[in-house]
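Structural overview
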Amino acid sequence: MQMDHIVLNVENMEEMIAFYREVLELQPERLDAYRSGKAPFPSVRINEQTIIDLFPRDFWAKPGQHRVDPGNLNHFCLSTTKTAWDHLVERLRTHDVPVESGPVRRYGARGTGISVYLRDPDGNQIELRYYAEGDAGDDPSLGS
């Protein structure tokens, strides 16, 4: 089984698109169609099998609601190679995106890896990790 997609409720679509495109270097999909009103929401592609759907306010907000309930999403984790992870962490610095936690060893889908936590412009928590070769030990005491 693989992750297919996750959905984020978005307050400021252009700010979110810029963050995922420029900082995390994920490619937008259906962006032109969304902007022209032909698609209800855009997505950003993580890999061939996985996307993040970005739901605009009219998909999720109740009348009078101004902010996403922070309990809607704890976090999601994106994993990559050590080289790409180093590049991501440098882009976080370049874009003045604070790292909330890490880098530290944490347990994940493929064992123990090194990760950092950060937040996107709407406050969604993201974990960025890499798995070091030969470091697949399963230490259940490490959080994900």
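Before reading on, note that the structure itself is shown above.
Described in the following lines is the structure provided in the data block.

So, how was this worked out
Residues numbered from 1 in each chain as written. Predicted model: local features only at pLDDT ≥ 70, side-chain atom pairs only at ≥ 80, totals over all residues. Heavy atoms only, no water. Salt bridge = Lys/Arg side-chain N within 4 Å of Asp/Glu carboxyl O. Helix = DSSP H or I, 4+ residues; strand = E, 2+ residues; numbered from the N terminus. Buried < 20%, exposed > 50% of the residue type's maximum accessible area, 1.4 Å probe, protein only. Polar contact = N/O pair within 3.5 Å; in protein donor to acceptor, adjacent residues only side chain to side chain. Phe/Tyr/Trp six-rings, centres within 6.5 Å; stacked < 30°, edge-to-face > 60°. Pairing = 2+ DSSP bridges. Axes fitted to C-alpha atoms, helices over the stretch in contact; angles between N-to-C directions. Contact = heavy atoms within 4.5 Å. Core = buried A, V, L, I, M, F, W, Y, C linked by side-chain atoms within 4.5 Å.

1. Observations regarding the pattern of salt bridges
Where charged atoms from two side chains of opposite charge come close, those side chains can pair. All told, the structure shown has 8 salt bridges when counted by the stated rule. Put simply, Glu14 and Arg35 hold a salt bridge, and the shortest N to O gap is 2.5 Å. Of this pair, Glu14 sits in helix α1 (residues 13-23) while Arg35 sits in helix α2 (residues 31-35), placing them 21 residues apart in sequence. For Glu14, a relative accessible area of 41% puts it in the partly exposed group. By relative accessible area, which is 45% here, Arg35 ends up partly exposed.

2. Details of unusual backbone geometry
Residues other than glycine predominantly adopt negative phi, and peptide bonds predominantly adopt the trans conformation. Following Gly102, the chain continues to Pro103 via a peptide bond in cis, the omega torsion being 10 degrees. Here Pro103 shows up in strand β6 (residues 99-108). At Glu25, a position not held by glycine, the phi torsion is positive, near 55 degrees. Counting through the fold element by element, Glu25 comes out in the loop between α1 and β2 (27-29). A positive phi angle, close to 55 degrees, is found at Asp96, a residue other than glycine.

3. Focus on the environment of Arg57
Relative to the assigned elements, Arg57 resides in helix α3 (residues 57-60). The class for Arg57 is partly exposed, based on a relative accessible area of 28%. Sequence separation between Arg57 and Met13 is 44 residues; the distance between their C-alpha atoms is 9.0 Å. In terms of polar contacts, Arg57 uses its side chain to reach the side chain of Glu11, at 2.9 Å.

4. So, the packing of aromatic side chains
With the rule as written, the count across this model stands at 3 aromatic pairs. Here Phe19 and Tyr20 contribute two aromatic rings whose centre-to-centre distance is 5.2 Å and whose plane-to-plane angle is 85 degrees, an arrangement assigned as edge-to-face. Accessibility expressed as a relative area gives 0% for Tyr20, which makes it buried.

5. Overview of the sheet that holds β6
Pairing is mixed across the open sheet formed by 4 strands, whose spatial order is β5-β8-β7-β6. Edge strands, defined here as strands with exactly one partner in the open sheet, are β5 (76-80) and β6. The average angle at which neighbouring strand axes cross in this sheet is 30 degrees, direction not considered. With 6 bridges connecting them, strand β7 (residues 111-119) and strand β8 (residues 125-130) associate as antiparallel partners. Note on β8: the bridge partner recorded for Ile114 is Tyr130. Running over the sheet, helix α4 (residues 82-94) touches β5, β6, β7 and β8 and is turned about 140 degrees from β8.

6. Quick look at the nonpolar core
In terms of nonpolar packing, the biggest core is built from 29 residues, with Leu8, Tyr20, Leu24, Ile52, Ile126 and Leu128 touching the most fellow members. Where this core is concerned, the elements lending two or more residues are β1 (5-9), α1, α2, β4 (50-55), β5, α4, β7 and β8. Examining the composition of this core, we find that 6 residues originate from one element, α1, more than from any other.

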